[in-house]
Amino acid sequence: AQKITQTQPGMFVQEKEAVTLDCTYDTSDPSYGLFWYKQPSSGEMIFLIYQGSYDQQNATEGRYSLNFQKARKSANLVISASQLGDSAMYFCAMREGRSNDYKLSFGAGTTVTVRA
Amino acid sequence: DGGITQSPKYLFRKEGQNVTLSCEQNLNHDAMYWYRQDPGQGLRLIYYSQIVNDFQKGDIAEGYSVSREKKESFPLTVTSAQKNPTAFYLCASSIPGGPDNSPLHFGNGTRLTVT
């Protein structure tokens, strides 16, 4: 079964507007962590933001914020004030449990294109 | 600067040949990982290693092999048994047992094309 689901293959957003990228996850483990990565066309994976399952508040990092709805098992990424440099592929990922292997399960990704 | 180096960036091979992808890190991380990326499928875990001389299969290990003789190096061999080897390969590292919010650090990837 798919552990991470990203239902939006591609999205367009106007420069300076906000965009929300959807991510739902599936786990029976009460302890888990959710990560978002950005992948520009050059291919490198850039870590953006983290949300732990026990965190009481939604994570924020600059223009990135995470809308964490635990009961719905969703962890949507919000990018505010979009910039042309935000055009990239975005991946949601999950680490389950408190094991030491630190494996991540990734979603299929969402391609964001920012229009001037 | 510390980081993960994958070489080469592009690699071309003929079908039936084994090919080895290089991954070197100077972050002093104990754990290293290999992921494969195909269009529309996100990243899938091939192999990972938590310490030197030890490694475990990931979700799609068939047709691949790895070694971990040094902490800094985790080469991946794509064998002729891998049915669809053409893909983008990403190497990553992390500190096992670190804080829960420790992200994986990735290299810039190697794009392998087999014809």
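Here, the structure is the one placed above.
Below or above, wherever it landed, is the structure these notes cover. (Residues numbered from 1 in each chain as written. Chains lettered and ligands numbered in written order. Predicted model: local features only at pLDDT ≥ 70, side-chain atom pairs only at ≥ 80, totals over all residues. Heavy atoms only, no water.)

1. Side note on the sheet that holds strand S7 (residues 64-66) of chain B
All names here are of chain B.
Next, step 1: The 4 strands lie next to each other as S1-S3-S8-S7, forming an open sheet whose pairing is antiparallel. What marks the edges here is a single partner per strand, and that holds for strand S1 (4-7) and S7. Each adjacent strand pair in this sheet contributes to an overall mean axis angle of 20°, direction not counted.
Next, step 2: Pairing of S1 with strand S3 (residues 19-25), which is carried by 4 bridges, proceeds in the antiparallel orientation. From the neighbouring strand, Ile 4 faces S3, where its bridge partner is Gln 25. (Pairing = 2+ DSSP bridges. Helix = DSSP H or I, 4+ residues; strand = E, 2+ residues; numbered from the N terminus. Axes fitted to C-alpha atoms, helices over the stretch in contact; angles between N-to-C directions.)

2. A closer look at the interface of chain B and chain A
Next, step 1: Counting residues at the interface gives 27 residues for chain B and 20 residues for chain A.
Next, step 2: Summed over both sides, the interface of chain B with chain A buries roughly 1900 Å², with 53% coming from carbon and sulfur.
Next, step 3: Scanning the region where chain B abuts chain A turns up 0 salt bridges.
Next, step 4: Taken together, the links from chain B to chain A amount to 4 residue pairs in polar contact (both at pLDDT 80 or more).
Next, step 5: Those elements that provide at least two residues to the side of chain B that touches chain A are strand S4 (31-38), strand S5 (42-51) and strand S9 (87-94) of chain B.
Next, step 6: Among the elements that take part in the side of chain B that touches chain A, S5 of chain B stands out by supplying 5 residues, more than any other.
Next, step 7: The residue makeup of the side of chain B that touches chain A, split by class, is 13 nonpolar, 12 polar and 2 charged. (Contact = heavy atoms within 4.5 Å. Buried area = accessible area lost by both parts, 1.4 Å probe. Salt bridge = Lys/Arg side-chain N within 4 Å of Asp/Glu carboxyl O. Polar contact = N/O pair within 3.5 Å; in protein donor to acceptor, adjacent residues only side chain to side chain. Nonpolar A, V, L, I, M, F, W, Y, C, P; charged D, E, K, R; others polar.)

3. Section: the side chain of Ser 53 of chain A
Residue and element names in this part refer to chain A.
Next, step 1: By secondary structure assignment, the location of Ser 53 is in the loop between strand S6 (46-52) and strand S7 (60-61).
Next, step 2: Residue Ser 53 is classed as buried on the basis of its relative accessible area of 3%.
Next, step 3: For Ser 53, the residues in contact, after removing those within four places along its chain, are Pro 30, Ser 31, Tyr 32, Phe 68 and Lys 70. (Buried < 20%, exposed > 50% of the residue type's maximum accessible area, 1.4 Å probe, protein only.)

4. Looking at the environment of Gln 6 of chain A
All names here are of chain A.
Next, step 1: Along the polypeptide, Gln 6 turns up in the loop between strand S1 (4-5) and strand S2 (10-14).
Next, step 2: Residue classification places Gln 6 among the buried residues on the basis of a relative accessible area of 8%.
Next, step 3: Leaving out residues up to four positions away in the same chain, Gln 6 has contacts with Asp 22, Trp 36, Tyr 90, Phe 91, Cys 92, Gly 107, Ala 108, Gly 109 and Thr 110.
Next, step 4: In terms of polar contacts, Gln 6 uses its side chain to reach the backbone amide nitrogen of Cys 92, at 3.0 Å.

5. Looking at the nonpolar core
Residues and elements named next belong to chain A.
Next, step 1: One finds Leu 21, Tyr 25, Leu 34, Trp 36, Ile 49, Leu 77 and Tyr 90 to be the most contacted residues of the largest nonpolar core, which totals 25 residues.
Next, step 2: With 4 residues, the single largest contributor to this core is strand S10 (residues 88-96).
Next, step 3: Leaving out residues up to four positions away in the same chain, Tyr 25 has contacts with Lys 3, Ile 4, Tyr 32, Leu 34, Phe 68, Gln 69, Lys 70, Lys 73, Ser 74, Ala 75 and Met 94. (Core = buried A, V, L, I, M, F, W, Y, C linked by side-chain atoms within 4.5 Å.)

6. Some details on the environment of Ile 49 of chain A
Residue and element names in this part refer to chain A.
Next, step 1: Checked against the element boundaries, Ile 49 lands in strand S6.
Next, step 2: Owing to a relative accessible area of 0%, Ile 49 belongs among the buried residues under this scheme.
Next, step 3: Residues Ile 49 and Cys 92 lie 43 residues apart in sequence; the distance between their C-alpha atoms is 9.8 Å.
Next, step 4: Those residues in contact with Ile 49 that lie beyond four places of it in its chain are Leu 34, Phe 35, Trp 36, Ala 59, Thr 60, Glu 61, Tyr 64, Ser 65, Leu 66 and Leu 77.

Keep in mind these values describe shape, not function.
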